[in-house]
Amino acid sequence: KEPMSKVSSIILHRTVSSSAGSTLSSFKSRGIGTHFLIGEDGKIYNTASLNNATHHILESQVKEGSGILNNNAIGIEVVGNYNGETKTWDPLSSERVESTAFLVNSLEQTYSLNDNNIHNHEDIQFKTPGEGGTVHEAISPYLEGHFTPKWIFPPSQPLTPTSTLNLFSLTQ
């Protein structure tokens, strides 16, 4: 496994599936994936160690000069299908929006990143339009610097010392 270098980016993806289960199976069988997966119910799955790179972008197709690589970018997949006829992505549930915004804010704080470090998959390489953009647009009002107070509530409940954050680690 390739170690992560200094984290400089967060890449937003969509799964092109309707469930976390099918995405997790695909990750396992194809040997690719992201660091996090946001399930259809808003559960946050930590699918890979943040100490290791994951294969979530095709580096040979990344826009020249971006400096974005698998070993310096954290990948977040959000469950959602694409309709080829209407050329639209599934709408994001409030649970997925809250969880993704919470995770992105947490990663920004942890790695001293800001909103300029968040990228849509389709903006750094050829992908279906709106793949990451639909997620980015939905979470933008909840990202730090776009609202007050600086902290958002975790998915579906206020944070208390005994509450859980709906975070499931699948790393070893």
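Whatever comes next refers back to the structure up there.
## As for the overall build of the protein
When helices and strands are tallied, the protein shows 4 helices and 8 strands. If you list the helices and strands of the protein from N to C, you get β-α-β-β-β-β-β-α-β-α-α-β. Intrachain contacts of the protein at a sequence separation of at least 6 include 69% that bridge at least 24 residues. Accessible surface computed for the protein: about 9,200 Å², of which carbon and sulfur atoms make up 52%.

## Topic: the packing of aromatic side chains
Two descriptors summarise a pair of aromatic rings, namely the distance from one centre to the other and the angle between the planes of the rings. Scanning all chains against the criterion turns up 1 aromatic pair. Ring geometry for Tyr82 and Trp89: centres 4.9 Å apart, planes at 55°, overall tilted.

## Thoughts on the environment of His13
By the secondary structure assignment, His13 is in strand 1 (residues 9–14). Under the relative-accessibility criterion, His13 is labelled buried at 1%. Those residues in contact with His13 that lie beyond four places of it in its chain are Thr34, His56, Ile57, Gly75, Ile76, Glu77, Val78, His121, Glu131 and Val135. Among the polar contacts made by the side chain of His13, one reaches the side chain of His56 at a distance of 3.0 Å.

## Regarding helix 2 (residues 94–111)
A rise of 1.5 Å per residue sets the reference length of helix 2, with its 18 residues, at 26 Å; its end C-alpha atoms lie 26 Å apart and thus fit the reference within 8%. Within helix 2, burial applies to Arg96, Val97, Ser99, Thr100, Ala101, Phe102, Leu103, Val104, Asn105, Leu107 and Glu108. Looking at the packing, one finds that the buried side of helix 2 touches strand 1, strand 2 (36–38), strand 3 (44–46), strand 4 (73–78), strand 7 (118–120) and helix 4 (133–139). Ser112 sits one or two positions beyond helix 2 and adopts a positive phi of about 55°.

## Some thoughts on the pattern of salt bridges
In this structure the tally under the stated criterion is 1 salt bridge. We note a salt bridge from Lys43 to Asp41, for which the minimum N-O separation is 3.9 Å.

## Regarding unusual backbone geometry
Phi at Val16 takes a positive value of approximately 55°, unusual for a residue other than glycine. By secondary structure assignment, the location of Val16 is in the loop between strand 1 and helix 1 (20–30). One non-glycine residue, Lys87, adopts positive backbone phi at about 55°. Within the secondary structure, Lys87 sits in the loop between strand 5 (82–83) and strand 6 (88–89).

Definitions and cut-offs
Residues numbered from 1 in each chain as written. Predicted model: local features only at pLDDT ≥ 70, side-chain atom pairs only at ≥ 80, totals over all residues. Heavy atoms only, no water. Helix = DSSP H or I, 4+ residues; strand = E, 2+ residues; numbered from the N terminus. Contact = heavy atoms within 4.5 Å. Areas by Shrake-Rupley, 256 points an atom, 1.4 Å probe, with all protein chains shown as cover. Phe/Tyr/Trp six-rings, centres within 6.5 Å; stacked < 30°, edge-to-face > 60°. Buried < 20%, exposed > 50% of the residue type's maximum accessible area, 1.4 Å probe, protein only. Polar contact = N/O pair within 3.5 Å; in protein donor to acceptor, adjacent residues only side chain to side chain. Expected span 1.5 Å × (residues − 1). Salt bridge = Lys/Arg side-chain N within 4 Å of Asp/Glu carboxyl O.

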